[in-house]
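Letter by letter, the chains look like this.
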Amino acid sequence: MRNWADVWNGIKNIFLDFGNHWVIILETVFLFLLIYYVLKTLSENNAKKFVWTYVILILGVGFPALISDHFNVTVYYVFIMLLSVFFLLLFSMEIKRAIWNANKRSAATANDPAARTTAVSARAEVYISSIVKAVQGLSKSMTGALIVLSNGNVPRDVVESGVMLNAQISNQLIEGIFVNKAPLHDGAMIIYGDKIQAAGCFLPLSQRDFPKDYGTRHRAGIGITEVADVSTIIVSEETGIVSVVKRGEITRYIDSESLKRFLREYYWKEFNSEGRKA
Amino acid sequence: MKLKETLKKMFTKHVPLKVLAFVLAFVVAVIIHAV
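Keep in mind that this is a model prediction, so the values were computed, not measured. (Residues numbered from 1 in each chain as written. Chains lettered and ligands numbered in written order. Predicted model: local features only at pLDDT ≥ 70, side-chain atom pairs only at ≥ 80, totals over all residues.)

A.B. asks: Quick one: what's the story with helix α9 (residues 171-178) of chain A, residue by residue and with numbers?
C.D. replies: For α9 of chain A, the complete set of buried residues consists of I174, I177 and F178 of chain A. In a view along the axis of α9 of chain A, the buried residues occupy a sector of 90°, so they form one face of it. (Buried ≥ 20, exposed ≤ 12 C-beta atoms within 10 Å, placed from the backbone. Helix = DSSP H or I, 4+ residues; strand = E, 2+ residues; numbered from the N terminus. Arc of directions from axis to C-beta.)

Dropping the structure here:
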């Protein structure tokens, strides 16, 4: 165990004898890049609560190390690396998407930002009204439907279990897919931004206890939100009731205004994450 | 022009996060050199 005077002398020595410690600048730059990337990834992916966990863990191991006799610098470095990799792995899909979209983003920022925001806003409103119109139609005709609002993080096997469409969003297409006896009506439709990515997809079922009137469609709609950070819209075949699910929590009896708000939240979050809106 | 925009973005985007990351990086570097 080292005493505080030794620790203080050690710190003072860095600045008094900077010629021998100039490498601290390079280390600070390297650590800054690593730590900033982790913090940015956490804060951009609704995981702000982990920002302080990450900071406290790094400092929490560092300060006891200062007064310990058996401290090994390499072990501390490895600890910081492993901790950073652990937090980055939690958002591997989001990082992959950011890398894929990097070129797209730089091309987009070359345009006038104000005009772009207005155009994106107008387009988002068109998609929202198409989805709301389709859901209203499905609810009125008591046609069961399950729509997943993806952020690009739906597991690949789920997307590939259905039929890839990559079609433009339109209320006629959404209603057409869910018509009884249509080949794809039984599975889930995945909407990703401005496209209907796939339809007829099989989702994992939630294993929690639910009221008896929740059928397989509701269990699937809740189940996917438990394994991926997505939202779902469910139209009951028996009652025509519209429900929305977010993070495993279902809200029933959704009217068109609430559905619009729900979709706006989805679209603006999505556009923010792609850097298209300020 | 592009360089100016990049530099502007560098100093205006995610400023609190950058400050936090820099302070943390510096503290860690000092810890490593002080022992």
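Alright, that's what it looks like, and here's the rest.
A.B. asks: Residue-level account of the nonpolar core, with values.
C.D. replies: I147, V148, A188, M189 and I190 of chain A are the most contacted members of the largest nonpolar core, which has 39 residues in total. Apart from the residues lying within four places of it in its own chain, the contact partners of V148 of chain A are V154, A188, M189, I190, I191, I224, V230 and T232 of chain A. (Core = buried A, V, L, I, M, F, W, Y, C linked by C-beta atoms within 7 Å. Contact = placed C-beta atoms within 7 Å.)

A.B. asks: So what's going on with the sheet that holds strand β3 (residues 188-192) of chain A? Residues and values would help.
C.D. replies: Residue and element names in this part refer to chain A. Spatial ordering of the open sheet is given by β2-β4-β3-β1-β5-β6-β7, a layout of seven strands whose pairing is mixed. Of all strands in the sheet, those with a lone pairing partner are β2 (163-168) and β7 (249-251), marking the two edges. Across the sheet, the mean angle separating the axes of adjacent strands is 20° when strand polarity is ignored. Pairing between strand β1 (residues 145-150) and strand β5 (residues 231-235): five bridges, direction antiparallel. Across the sheet, residue V148 finds its bridge partner in β5, namely T232. With respect to the sheet, helix α10 (residues 216-227) is in contact with β1, β3, β5, β6 (242-246) and β7, its orientation differing from that of β5 by roughly 175°. (Pairing = 2+ DSSP bridges. Axes fitted to C-alpha atoms, helices over the stretch in contact; angles between N-to-C directions.)

Geometry only, nothing functional implied.
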